[in-house]
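The residues making up each chain are set out below.
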Amino acid sequence: MTTIAIAKRKGSNAVSVAEQVLALTKSLRGTLIPDDVLITVSRNYGETADHKVNELVMHLSIAILTIVVLLALTLGFKESLIVSIAVPMTFAITLFCDLIFGYTINRVTLFALILSLGLLVDDPIVGVENIHRHYKLRKEPPLRALLTAVNEVQPPTILATFAVIMSFIPMFFITGMMGPYMAPMAFNVPIAMLLSLIIAFTVTPWASYRMLKKDYGKGNDKPFELKKTFGYRLYQSILIPIIATPVRSRWFLLAVFLSFVGASMLAVTRAVPLKLLPFDNKNELQLIIDMPRGSTLEDTDNVSKALGRYLSTVNEITDYQSYVGLASPMDFNGMVRHYYLRHGSYVGDIRINLLHKTERQQQSHKIALRIRPTIDKIEQRYDTNIKIVELPPGPPVLSTVVAEIYGPPDASISDINQVSKEVKVALQKISGVVDVDDMIEAPHQQLHFKLNRKQAALNGITVEQVAQTLNLALAGEKAGTVHIVSERLPLFIHLQLSRDMRSSANDLMALRVRTNTGKLIPLSEIGQMVHETGDQTIYHKNLQRLSYVTAEMAGRSPVEAIFDINDWLQNNPLPQGYHAEMAGEGEWKITVDVFRDLGLAFAAAMIMIYVLLVGQTGSLGIPLIMMIAIPLTVIGIMPGFWFINLFTESVGDYPNPIYFTATAMIGMIALAGIVVRNSIILIDFIDHAYNRDQQTTLSEALIKSGATRLKPILLTAAAAVFGASIIVLDPIFSGLAWSFIFGIIASTMFSLVVIPVAYYMLMRNKPKQMNVVDEL
């Protein structure tokens, strides 16, 4: 078998390169490539990238169609068409901006567009719904009613849009390997929101007037009366009992606060598992074989064949390639984990190809969990170490869990290795930790030829001649080339002893060295073979000696394993001068860095939104009420993740939870801007109703504004939820989808009540004043 690995040049397109290579290979059939040669494409990342992009484009199309149908059912067919105009216009200009600034169309870019879909229709929905409502009121002529409707929502909509933009700008400053994953979102979403805002105040009013003015006043329906609607009566029945007395309002707000604290504790108590990125649904897996140092190639090949016999019985596996004594062709994961450097008779590598994910029921992670028990039995039978490697969806690391064991300056490497074995045993006892290994080489024997220099000199033999003779016998040398007419390229003549003749010390000692006089002297007369223990590899980091212990996770988050091993280290301190660091080359470090940066980005977004609101309202208290909706998302997100994990199915003995990931955290950051926009518009309506009509009481203003904004708030929330629900089954972006769904539902339901109650508590004893968000 011959393996050919092809990599693209920097800046070239992986999809087109793959297609050109396959086309060239097909054209060479029957000429350079004989017809009886079987060619199998074992990996095609160009096809993988193309499929993922097409899949996201399909999700995007379904999301757009879903939102259009939703609006058609709630507002009307014409109104849904008016809103949908914003989608192609916004996406076209956004993609053009991507082209200008060097962003390619990839999963992250399309993910940003899907994320922005539920946001960019918000502004048109707010505008069209308000125009639709004013047309039903019939208080003004069509054009004047349209201008009044647009002017009514214009100031808060502009403020709300910039609040959403503020929540994404901090993502530009995410550091480390995750930075490039975040940058397209930080660029695309603000661009889409700005374009959506412009379209909402230009194209949407124009289209609304052209398409809806003919329906104005048609029919015998009476003018719209808010107080007779079901929404008004329902909202009144919920809000009035709460704001009847200040004591009830305080108890209600206290209950909401306690709910927020309880929801937050689900993450602190590990009830909701945390992870950097979830497992992807790849079409391949990898097995890494580590035999004891000194094992023969035949021993490693026996293990590889045993694994192959089992893999051939797994229905989802189409084919596999075994590499014994060398590494498989390098990929990004192999580069970071140093797999491409593996060589020697004691290492092996098996690349497994699965059925395409559209042709199988289980995801690749579930298949890996399912085959693990049998792989473990083969591992025990042959006394070896076999790791099941899943290609990560994001930045790879040396291993999921990595412990670095350091010793005092005067400690020997054997002492450090002995301490690392204690940590290895402790890791093996932690639930969910699998494939525990270290980088300690097993003691192995080497044959060392000791030359008797005096005897060699008497025979006229130099050290160089002895070294060349042994190198020729063991490693072989190029002896020349031969040209054959039927062959395009010359063939090299490689001279080397056969395996059976170079595997025995006695055979090697019988080799003869030619002297200057032409006499052949056997090696046995000028030296002797000595069995010695081979040197151990010594690892250094920051000029310090250390030993690595690595492990993978199955059914649990690596965060939980890190906490468990840290607890063990506290209860079982290492010898004096020794210490173990978990924040090194594993996933824990990048998880901490990413969630730290995302947390800082979230805090920065909160501060920027607050400063923006203070600058526009001229108040320190009103912005805080507007931002109450942000922590309310936690009441939905954390219990939501906890709830769906109650129904996840285990694979054998291994749980398969849905993790709260970095993409879910991105969803929380995005929700900060989304939910605040509803609060801004709601409080603006309350302020208009209360301060501009001396006859309206605060309670009446709260009920009237809440009932008026109920429909558009529910519509924008439903648009975001339906847009996100399309990617719930995507293994990478499902965390964001669930975060969106749970957060929006909870925040929308609570904010419609909590914000009016908080506004009531703040303003009930204050005199009426000018509108707080009237002037921009």
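Only a predicted model underlies this, so the values are computations on that prediction, with no experimental measurement involved.

The rules we used
- Residues numbered from 1 in each chain as written.
- Predicted model: local features only at pLDDT ≥ 70, side-chain atom pairs only at ≥ 80, totals over all residues.
- Heavy atoms only, no water.
- Helix = DSSP H or I, 4+ residues; strand = E, 2+ residues; numbered from the N terminus.
- Buried < 20%, exposed > 50% of the residue type's maximum accessible area, 1.4 Å probe, protein only.
- Contact = heavy atoms within 4.5 Å.
- Areas by Shrake-Rupley, 256 points an atom, 1.4 Å probe, with all protein chains shown as cover.
- Pairing = 2+ DSSP bridges.
- Axes fitted to C-alpha atoms, helices over the stretch in contact; angles between N-to-C directions.
- Left-handed = near helix turned anticlockwise from the far one by under 90°.
- Nonpolar A, V, L, I, M, F, W, Y, C, P; charged D, E, K, R; others polar.
- Expected span 1.5 Å × (residues − 1).

Helix and strand content of the protein chain: 25 helices and 15 strands. For the protein chain, the spread of C-alpha atoms along the principal axes amounts to about 120 × 70 × 45 Å. Taking all 776 residues of the protein chain together, the buried fraction comes to 51%. Restricting the contact set of the protein chain to residue pairs at least 6 apart, pairs at least 24 apart contribute 79%. Element-wise, carbon and sulfur atoms account for 59% of the exposed surface of the protein chain, whose accessible area totals about 37300 Å².

Once that is clear, we can look at the pairing of strand β4 (residues 385-389). Burial within β4 is extensive, with 5 of its 5 residues counted as buried. Residue alternation in β4 divides its side chains into two sets, Asn 385, Lys 387 and Val 389 and Ile 386 and Ile 388, and both sets are buried.

A few words on the environment of Gln 380. Along the chain, Gln 380 falls in helix α14 (residues 364-381). As for Gln 380 and Tyr 690, which are separated by 310 residues in sequence, their C-alpha atoms are 76 Å apart.

Bringing the environment of Leu 511 into the picture now. As for its placement among the helices and strands, Leu 511 is situated in the loop between α18 (505-509) and β10 (512-514). Sequence separation of Leu 511 and Ile 521 is 10 residues, and the distance between their C-alpha atoms is 8.2 Å. Among all residues touching Leu 511, those that are not within four sequence positions of it are Thr 469, Leu 470, Ala 473, Leu 497, Ile 521, Pro 522 and Leu 523.

Moving on, we come to the pairing of strand β3 (residues 343-354). As a general feature of sheets, a regular strand has side chains that alternate between the two faces. The buried count for β3 comes to 9 of 12 residues, which makes it a mostly enclosed element. As paired elements, strand β1 (residues 284-290) and β3 share 7 bridges and run antiparallel to each other. Residue pairing for β3: Leu 285 is matched across the bridge by Ile 352. Where strand β2 (residues 317-326) lies against β3, 8 bridges are found, and the strand directions are antiparallel. The residue bridging Val 324 from the neighbouring strand is Gly 348, located in β3.

Moving on, we get to the packing of helix α23 (residues 662-691) against helix α24 (residues 698-725). Helix-helix packing is described using two parameters, namely the angle between the two axes and the distance between the axes. For the pair α23 and α24, the least separation of the axes is 8 Å and the interaxial angle reads 150 degrees. For the crossing formed where α23 meets α24, the hand is right-handed. Only Leu 698, Ala 701, Leu 702, Ser 705, Gly 706, Thr 708, Arg 709, Ile 713 and Thr 716 of α24 make contact with α23, whose side of the interface consists of Asn 678, Ile 681, Leu 682, Phe 685, Ile 686, Ala 689 and Tyr 690. Across the contact of α23 with α24, the residue classes tally to 10 nonpolar, 5 polar and 1 charged.

This part is about helix α8 (residues 179-200). The end-to-end C-alpha distance of α8 is 32 Å, a good match for the 32 Å that 22 residues give at a rise of 1.5 Å each. Where burial is concerned, most of α8 is hidden: 17 out of the 22 residues are buried.

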